[in-house]
Amino acid sequence: MVVLAEKIRLCYDGLSNERGKQKEDFLVRITFLGGARTVTGSSFLISTSHGNLMVDCGMFQGRRDLVRRNYLEAMYDPRDVDAVVLTHAHIDHSGLIPKLVREGFRGSIWATKATADLCELMLLDSAHIQEMESEWMTKRNLRRGEEPVTPIYTVEDAKRCLGSFSRVYYDEEFEPIPGFRVIYRDAGHIIGSAIVEIWVTEEGTEKKIVFSGDLGVADQPIIRDPSVVTGADYLFIESTYGNRLHRTKEESRDEFREAILETTARGGKVVIPSFAVGRTQEMLYYLGEFAREGVLPDIPIYVDSPMATSATKIVKENPQCFDSETHALLTAGKTPLTPPNLTFTRSTDESIAINRKPGPAVVISASGMCTAGRIKHHLRHNLWRPEASVIFVGYQAEGTLGRLIVGGAERVRILGEDVQVNAKVYTIGGFSAHADRNELIAWASHFRGSAPYCFVVHGEERASLAFRDALERELNFQAYVPRWGESVSVALDGTVESLSITEPGERIALEGSRTEKDLFFIRDRIDRLLEEGAYTDETAFYERVRQIKKLVQDLKGVSVVE
Ligand SMILES: [Zn+2]
Ligand SMILES: [Zn+2]
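Counting restarts for each chain: residues are numbered from 1 in the order of the written sequence. The naming scheme follows written order: chains are lettered A onward, ligands numbered 1 onward. Totals for whole chains, interfaces and linings use every residue, but because this is a predicted model, local features are given only for residues with pLDDT of at least 70 and side-chain atom pairs only at 80 or more, for both listing and counting.

Draft legend 1. Quick peek at the overall build of the chain. A tally of regular secondary structure across the chain gives 17 helices and 23 strands. Backbone-placed C-beta atoms define the burial measure: a residue is buried with 20 or more other C-beta atoms within 10 Å of its own, exposed with 12 or fewer, and partly exposed in between. A burial count over the chain gives 43% of its 562 residues as buried. Residues are defined as contacting one another if the C-beta atoms placed from their backbone atoms lie within 7 Å. Taking the contacts inside the chain whose residues are at least 6 apart along the sequence as the reference set, 74% of them involve residues at least 24 apart. Comment: elements are numbered from the N terminus, with helices defined as DSSP H or I runs of at least four residues and strands as E runs of at least two.

Written as structure tokens, this is what we have:
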């Protein structure tokens, strides 16, 4: 056995010489590909000599100059990314995965099971939207004598990437790339959402990086509260509400109940524009709770959105994510996501029939900001009726129909018709799925013992800068607000310095060629073989050594030490 071990060690040395070539003076390089001074487009690349790990691969949304970034060539060669770790399924975190795969990424995409299940639904939907939008833009461009537009990705691309998902569970360690250990913890934001703990080992030094992901609030129904995590060398923390506070869930729940009772008493319909994933299920949970408390009137409830219907099904299929209250209800034979008189409508005919039926009803429909989908029909039918009401339970971005109504418009244009706003409009601000400023600080305070260096991400510039100041002032942490395309390095001594900013259209040279990285991967495997001492059978052992050498030769044409 000594001879065998010696043989393989020579092989190993041959590879480690290769490795010596690219020894660098920094430990980890971090590149901010999105979610830097913006809420959307979350994507961060962590590079060590072991490889490149991408955390989130989100789409930019909202302002036109942001959306344009989705069409640009990636700042890196997608073939150099070795694995993706997703925090959760929202499109601003997962939406560019089909593009990454289309452009040559061949690694695994790691996600909690619920996140992977939701991604199947959401990425196909997003691809469908991309196809429709590019078709529309192409028509417009051709009329102007301009070039046609290719979609960012197609439904085919989205289908192809679904095969690369690896499903894991909370609190379970996994290794997406050798040299990177990862554990997901509950983030309490939407079902499957995770805080990510990452340990990277380089030059015999281990550093811990924590990503808050989108951090939820305590007492969110259905899912568990955000986990308390302690200890980090580097902390990536979101700052969506880094400069704002919101009302409590309890107050919002009461406002929601009162709005329903008032409208029902007037005999009107309650129209609720709601995001299909997360908010819709939360509303169903509260309606069920009102029914159990005996305060919900006996009226029909409709979920009129195919997407929301599918999302609700996925939530029900992932009970491992439920909190103890939801488990207790299930054990008691209750159906927490199915209030009485609930109907999920799939077909257009069923949708139209809702407004033909007189009398009060609750209609939950998408999209959440009233920009598309069946909600527009429900608004056209009900907005002019003084007995009806519209309850806004989510954020309404500028420029959307929802924002106009919330802002007090007397008349709005819907599906080519002017509609008078006579219905009562309720805006309930406290249903946010994001921690507010104080909750973020409270969560970050658990890291006090390790005094991490903080990267403040996922926020509008003003919110991120304000939150950076709060971290410095209140917790005495060093904090930095990175820019889009910026690369920073963590030196061997742990200090952080900015390396460069990649301009749009430029490409970041990721350290180490593909071949070299593959060599490291093989070296790592040899390491493991040696550690495991798995080969007592000589023939099998030599066979394995031959396989590995062949792999090395194929990759580089190098002659490995015999
Ligand atoms: Zn999110
Ligand atoms: Zn987000």
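Draft legend 2. The arrangement of the sheet that holds strand 14 (residues 342-344) in detail. Only strands joined by at least two bridges in the DSSP assignment are considered to pair. Pairing is parallel across the open sheet formed by six strands, whose spatial order is 14-13-15-12-16-19. The two strands at the open ends of the sheet, each matched to only one other strand, are strand 14 and strand 19 (424-427). Shown here is a sheet whose adjacent strand axes are inclined to one another by a mean of 20°, direction ignored. Here an axis means a line fitted to C-alpha atoms, over the contact stretch when the element is a helix, while the angle between two N-to-C directions is reported on a 0 to 180 degree scale. Those strands touched by helix 8 (residues 279-292) are strand 12 (269-273), strand 13 (301-304) and strand 15 (361-365), and its axis lies near 160° from that of strand 15. Contacting strand 12, strand 15 and strand 16 (389-392), helix 12 (residues 375-382) runs over the sheet at an angle of about 145° to strand 12.

Draft legend 3. Representation of the confidence of the model for the chain within the structure. By definition, pLDDT measures how confident the predictor is in each residue, and it falls between 0 and 100. Per-chain confidence: the chain averages 88 in pLDDT, with 86% of residues scoring 70 or above. A low-confidence stretch, residues 10-24 stays under pLDDT 50, and its non-local contacts, those more than four residues away or across chains, total 24 contacts. A low-confidence stretch, residues 558-562 stays under pLDDT 50, and its non-local contacts, those more than four residues away or across chains, total eleven contacts.

Draft legend 4. Molecular detail of the packing of helix 8 against helix 9 (residues 306-316). At a closest axis distance of 9 Å, the pairing of helix 8 and helix 9 adopts a crossing angle of 70°. The angle between helix 8 and helix 9 falls in the class roughly perpendicular. Where helix 8 approaches helix 9, its residues T280, Q281 and L284 are matched on the opposing element by A308, A311, T312 and V315. By the convention adopted, Pro, Cys, Tyr, Trp, Phe, Met, Ile, Leu, Val and Ala count as nonpolar, Lys, Arg, Asp and Glu as charged, and the other residues, Gly among them, as polar. A class-by-class count of the residues in the contact of helix 8 with helix 9 yields four nonpolar, three polar and no charged. Angle categories: roughly parallel below 35 degrees, roughly antiparallel above 145, roughly perpendicular from 65 to 115, and oblique for all the rest.

Draft legend 5. Quick peek at the environment of V362. Topologically, V362 is positioned in strand 15. A C-alpha to C-alpha distance of 9.3 Å links V362 and G268, two positions 94 residues apart in sequence. With near-sequence residues (within four places) excluded, V362 lies in contact with I260, V270, I272, L287, I299 and I301.

Draft legend 6. Geometry of the sheet that holds strand 8 (residues 180-186). Within the open sheet, the seven strands sit side by side as 7-8-9-10-11-20-21. Their pairing is mixed. Edge positions in the sheet fall to strand 7 (174-177) and strand 21 (478-480), since each has one partner strand and no second. When strand polarity is set aside, the average angle formed by the axes of neighbouring strands in this sheet is 25°. Taken together, the three bridges between strand 10 (residues 205-211) and strand 11 (residues 234-238) define a ladder with parallel strand orientation. Bridge assignment links V210 to a residue of strand 11, and that residue is L235. Running over the sheet, helix 15 (residues 461-475) touches strand 20 (453-457) and strand 21 and is turned about 160° from strand 20.

Draft legend 7. Highlighting unusual backbone geometry. Residue S367 is reached from A366 by a cis peptide bond, and omega for that bond is 10°. Among the secondary structure elements, S367 is positioned in the loop between strand 15 and helix 12. Even without a glycine there, the phi angle at H458 is positive, about 50°. One can find H458 in the loop between strand 20 and helix 15. Its identity is not glycine, yet N476 carries a phi of approximately 65°, on the positive side. For N476, the position within the fold is in the loop between helix 15 and strand 21.

Draft legend 8. Quick look at the nonpolar core. Residues V84 and V196 are the most contacted members of the largest nonpolar core, which totals 135 residues. Broken down by element, this core gets its largest block of residues, seven residues, from helix 5 (residues 113-143). Two domains each donate at least three residues to this core, and these are domain 2 (23-244 + 433-511) and domain 3 (249-431). Setting aside residues up to four positions removed in sequence, V84 forms contacts with M54, C57, I97, G107, I109 and W110. Buried Ala, Val, Leu, Ile, Met, Phe, Trp, Tyr and Cys residues form a nonpolar core when they are connected through C-beta atoms within 7 Å. Note that the domain bounds were set by an automatic or database domain assignment.

Draft legend 9. Local environment of the pairing of strand 13. Covered by surrounding structure in strand 13 are I301 and V303 together with Y302 and D304, the residues of both alternating faces. Sheet topology places strand 13 next to strand 14; three bridges connect them, and they run parallel. Counted as the bridge partner of Y302 is T343 from strand 14. Judged from the four bridges that link them, strand 13 and strand 15 form a sheet pairing that is parallel. Opposite Y302, over in strand 15, you have V363 as the bridge partner.

Draft legend 10. Broad picture of the pairing of strand 5 (residues 108-112). By the criterion of burial, strand 5 is predominantly enclosed, with four of the five residues buried. Of the pairings in the sheet, the one linking strand 4 (residues 83-85) to strand 5 comprises three bridges and is parallel in character. In the sheet register, V84 faces strand 5, and the bridge partner there is I109. As defined by bridge partners, strand 5 adjoins strand 6 (residues 165-168) across four bridges and the pair is classed as parallel. Of the residues in strand 6, the one forming a bridge with T112 is V168.

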